[in-house]
Amino acid sequence: MKQYLSFSEEVKAAQEKGLPIVALESTIISHGMPYPQNVITAREVEQIIRDNGAVPATIAILEGQIKIGLSDEELEVLGNSSDVAKASRRDLAYLLATKQKGATTVAATMICAELAGIEMFVTGGIGGVHRGAETTMDISADLEELSQTNVAVVCAGAKSILDIGLTLEYLETKGVPVIGYKTNVLPAFYTRQSDFDVNFRADNPETVAEMLRTKWNLGLKGGAVIANPIPEADALDHDFITNIIEKALQEAEENGINGKQVTPFLLGKVKELTEGKSLVANIALVKHNAVVGSKIAVQLNK
Ligand code: PSU
Ligand code: MN
């Protein structure tokens, strides 16, 4: 297994010293945000993690290797190339074997983080059960991964391009705890609230870390979702974003978008229809998640 892993100097040194490490995904860079905001944000998020006492490890597939920690040039390549595949669980082996570029989704980043011995992972939003999944069967591989891979994911809840209720049902069936960070209500990515409650609330990083350690000590495999609401000042108006998401979903349907294109298409449409407001919110919430995820990683490392 080790032959596929390639660690950056920063991550290697952190592992030798036993420092807390936070994994970051790369689909958000290659397929979730436009250039150059994607690369700028990726670098800033890494710095936020350092400023909060942990070491960032952005993960991607390059040159037949799983890269754990990326150089500035590698971040640039991921953010500004047209030949980077969106890599989820099913894609990893093919992309590695054929030495193609891959940007890891939440599912694939969890797999790679676990292989690298990293327990904490920060992102913006996870995939979930899509609206209309009862006919399309479009359920993100992220959910299945959360049920079997021992990595905790900090996100800003589930975005309403998804069926939030069904996403929670799926996670319940799979035994994945959804923890609200300082909230009883599951946040909906661009907004601080949804119509659904989280399973458990935690008001500090220690509680989250204690819960995760207990879960893994018990041998209960799988991760956890730590849902951290977007800061008040950056949240979008509920009715405004709901209307736009409806329009984006309609356009996806009219254009026959399916498979792994669905999420990037919807994110791009929402950005276009909000005239960039969704991107500003997205960047703010990822940064906030980086602060919270680093603090949890520090506690988990004690
Ligand atoms: N949600 C976002 N931004 C993203 C994604 C989700 O707000 O970039 C990405 C993540 O990488 C996630 C993936 O793992 O989309 C889910 O894709 P799919 O629905 O095809 O599984
Ligand atoms: Mn899908």
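Note on numbering: residues in each chain are counted from 1, in written sequence order. Each chain gets a letter, beginning with A, and each ligand a number, beginning with 1, in the order they are written. Restriction of local features to residues with pLDDT of at least 70 applies here, the model being predicted, together with a cutoff of 80 or more for giving and counting side-chain atom pairs; totals for whole chains, interfaces and linings are based on all residues. The basis for the side-chain values is all heavy atoms of the structure; hydrogens and waters are excluded.

Ile-68, Leu-146, Tyr-190, Leu-212 and Ile-226 are the most contacted members of the largest nonpolar core, which totals 101 residues. For this core, the element with the highest residue contribution is helix H13 (residues 277-300), accounting for 10 residues. Contact criterion: two residues are considered in contact whenever any of their non-hydrogen atoms come within 4.5 Å of each other. Ignoring sequence-local partners within four residues, the contact set of Ile-226 consists of Ala-152, Val-153, Val-154, Cys-155, Ile-179, Tyr-181, Val-208, Leu-212 and Ile-296. Side-chain atoms within 4.5 Å are what join buried Ala, Val, Leu, Ile, Met, Phe, Trp, Tyr and Cys residues into a set we call a nonpolar core. Partly exposed residues are those whose accessible area sits between 20% and 50% of the maximum for their type, while under 20% is buried and over 50% is exposed, using a 1.4 Å probe and protein chains only. Per the convention used, a helix needs a DSSP run of H or I reaching at least four residues, while a strand needs a run of E reaching at least two, with both numbered from the N terminus.

Once that is clear, we can look at the site of ligand 1. It suffices for a single heavy atom of a residue to lie within 4 Å of a molecule or strand for the residue to be listed as near it. Inspection of the region around ligand 1 gives 15 residues, with Glu-25, Lys-86, Ser-140, Asp-142 and Lys-159 positioned closest. Within the backbone of Val-106, a nitrogen or oxygen atom sits 2.8 Å from an oxygen atom of ligand 1. Working definition of accessibility: Shrake-Rupley area with a 1.4 Å probe, residue cover restricted to the visible protein chains. Bound to the protein, ligand 1 loses 94% of the 470 Å² it would expose on its own. Put simply, the parts of the chain that give the shell around ligand 1 at least two residues each are helix H2 (27-30) and helix H12 (262-273). Three classes are used, and their members are as follows: Ala, Val, Leu, Ile, Met, Phe, Trp, Tyr, Cys and Pro are nonpolar, Asp, Glu, Lys and Arg are charged, and the others, Gly among them, are polar. Looking at the shell around ligand 1 residue by residue, the classes come out as 4 nonpolar, 7 polar and 4 charged. In protein, a polar contact means a hydrogen-donor-capable atom and an acceptor-capable atom, both N or O and within 3.5 Å, with residues adjacent in sequence counting only if both atoms are side-chain atoms; elsewhere, any N or O pair within 3.5 Å suffices.

Angles run from 0 to 180 degrees between N-to-C directions of axes, and those axes are lines fitted to C-alpha atoms, restricted for helices to the stretch in contact. Where helix H8 (residues 141-148) meets helix H9 (residues 164-173), the closest approach of the two axes is 9 Å, and the angle between their N-to-C directions is 30°. Compared by their axis directions, H8 and H9 come out roughly parallel. The two elements H8 and H9 cross, and the hand of that crossing is right-handed. When H8 is examined against H9, the residues Leu-143, Glu-144 and Leu-146 are found in contact with a partner set consisting of Thr-167, Tyr-170 and Leu-171. These descriptions rest on fixed angle ranges, namely under 35 degrees for roughly parallel, over 145 for roughly antiparallel, 65 to 115 for roughly perpendicular, and the rest for oblique. Rotating anticlockwise by less than a right angle from the far helix to the near helix defines a left-handed crossing, while the corresponding clockwise rotation defines a right-handed one.

Annotation from UniProt places "active site" (unreviewed entry) at Glu-25 and Lys-159. With respect to the secondary-structure elements, Glu-25 resides in the loop between strand E2 (21-24) and H2. Contact partners of Glu-25, with chain neighbours within four places excluded, come to Thr-58, Ile-59, Thr-104, Thr-105, Val-106, Thr-109, Phe-121, Val-122, Thr-123 and Gly-125. Separated by 3.5 Å, the side chain of Glu-25 and the backbone nitrogen of Thr-27 make a polar contact. Looking at the element boundaries, Lys-159 is found in the loop between strand E8 (152-155) and H9. UniProt positions are given in the numbering used here, feature names are shortened, and annotations may be inferred rather than shown by experiment.

Moving on to the pairing of strand E3 (residues 55-62). Burial within E3 is extensive, with 8 of its 8 residues counted as buried. Across the two faces of E3 the burial is the same, with Val-55, Ala-57, Ile-59 and Ile-61 and Pro-56, Thr-58, Ala-60 and Leu-62 all buried. Pairing of E2 with E3 involves 4 bridges; the strand directions are parallel. Within E3, the residue paired with Leu-24 across the bridge is Thr-58. Strands qualify as paired when DSSP identifies two bridges or more between them. Sheet topology places E3 next to strand E4 (residues 65-68); 4 bridges connect them, and they run antiparallel. Within the sheet, the bridge partner assigned to Ile-59 lies in E4 and is Ile-68. In this antiparallel pair of consecutive strands, E3 and E4, the connection spans 2 residues, and Glu-63 shows a positive phi of 55°. Relative to strand E6 (residues 102-104), E3 runs antiparallel, the two being bridged by 2 bridges. What sits directly across from Ile-61, in E6, is Gly-102.

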